[in-house]
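What follows is the residue order along each chain.
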Amino acid sequence: TMMTVVPPPIEYMAALHSQHQEISGRQVWCGSLLLCHYILKQQGQQQGQQQNLFGGKRVLELGSGAGIVGMLVSRLNHPHDPPSCVAMTDGDDRALDLLLENLQMEVNHC
């Protein structure tokens, strides 16, 4: 399976910036997908060990946007050693609305 993520053209981003609009937090960026891949790989390498990668830890995701990384971390918990807290933030009110919507969908599908 191959997935391609194409960021918006720089001209479009510049036009939005000049109009004081922000969209960077309202999409899933390549960096988020790469971080998720890295976390899954690290978690897979720790399967034979007793502890979870994020077990008992407090996780803070700054600039969460759509929330894919924070949602992944919260779902990876070991039944006996979950993260103590996963907090997701963003400075864009619309991105926070999207984050909340995604979290609600996540809860409804569990």
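Structure report, in brief. None of the values given here were measured: they were computed from a predicted structure.

### Let's talk about the side chain of Asn102
Okay, step 1: With respect to the secondary-structure elements, Asn102 resides in helix α4 (residues 93-108).
Okay, step 2: With residues near it in sequence (within four places) discarded, Asn102 still touches Ala66 and Met71.

### Notes on the pattern of salt bridges
Okay, step 1: Per the stated rule, a full pass over the model turns up one salt bridge.
Okay, step 2: Notably, a salt bridge pairs Arg75 with Glu106, separated by 2.6 Å at the nearest N-O pair. In this pair, Arg75 is assigned in helix α3 (residues 68-75) and Glu106 in helix α4, connecting sequence segments 31 residues apart.

### A few points about α4
Quick reminder: α-helices carry 3.6 residues per turn. Residues three or four places apart thus point the same way.
Okay, step 1: Here α4 spans 23 Å end to end across 16 residues, near enough to the 22 Å set by a 1.5 Å rise per residue.
Okay, step 2: In this structure, the buried residues of α4 make contact with α3 and β2 (85-88).
Okay, step 3: Sitting at the head of α4, Asp92 places a side-chain oxygen 3.2 Å from the backbone nitrogen of Arg94.

### Looking at the nonpolar core
Across soluble globular proteins, you tend to see nonpolar side chains buried next to one another.
Okay, step 1: In this structure, Cys36, Ile39, Leu53, Phe54, Val59, Val69, Leu72, Val73 and Leu76 together form the largest nonpolar core, which totals nine residues.
Okay, step 2: Within the residue set of this core, elements represented by two or more residues are α2 (30-45) and α3.
Okay, step 3: Considering every element that reaches this core, the biggest residue donor is α3, with three residues.
Okay, step 4: Beyond its immediate sequence surroundings of up to four residues, Leu72 is in contact with Cys36, Ile39 and Leu40.

### Here we look at the environment of Leu33
Okay, step 1: Mapped onto the secondary structure, Leu33 falls in helix α2.
Okay, step 2: Take Leu33: its relative accessible area is 21%, and that puts it in the partly exposed class.
Okay, step 3: As a C-alpha pair, Leu33 and Ile68 span 35 residues in sequence and 8.0 Å in three-dimensional space.

### Considerations on the environment of Ser64
Okay, step 1: Within the fold, Ser64 resides in the loop between β1 (58-61) and α3.
Okay, step 2: Using a relative accessible area of 7% as the deciding quantity, one classes Ser64 as buried.
Okay, step 3: C-alpha of Ser64 to C-alpha of Ala95: the two residues are 31 residues apart in sequence and 8.3 Å apart in space.
Okay, step 4: Setting aside its immediate chain neighbours within four residues, Ser64 contacts Met88, Thr89, Asp90 and Leu99.
Okay, step 5: At 3.0 Å, the side chain of Ser64 and the backbone oxygen of Glu61 are in polar contact.

### Thoughts on the pairing of β1
Okay, step 1: Side chains Val59 and Glu61 of β1 all project onto a buried face; the interleaved residues Arg58 and Leu60 project onto a face where none is buried.
Okay, step 2: For β1 and β2, the ladder comprises four bridges, and the chain directions are parallel. When the sheet's bridge partners are listed, Glu61 is paired in β2 with Met88.

Conventions and cut-offs
Residues numbered from 1 in each chain as written. Predicted model: local features only at pLDDT ≥ 70, side-chain atom pairs only at ≥ 80, totals over all residues. Heavy atoms only, no water. Helix = DSSP H or I, 4+ residues; strand = E, 2+ residues; numbered from the N terminus. Contact = heavy atoms within 4.5 Å. Salt bridge = Lys/Arg side-chain N within 4 Å of Asp/Glu carboxyl O. Expected span 1.5 Å × (residues − 1). Polar contact = N/O pair within 3.5 Å; in protein donor to acceptor, adjacent residues only side chain to side chain. Core = buried A, V, L, I, M, F, W, Y, C linked by side-chain atoms within 4.5 Å. Buried < 20%, exposed > 50% of the residue type's maximum accessible area, 1.4 Å probe, protein only. Pairing = 2+ DSSP bridges.

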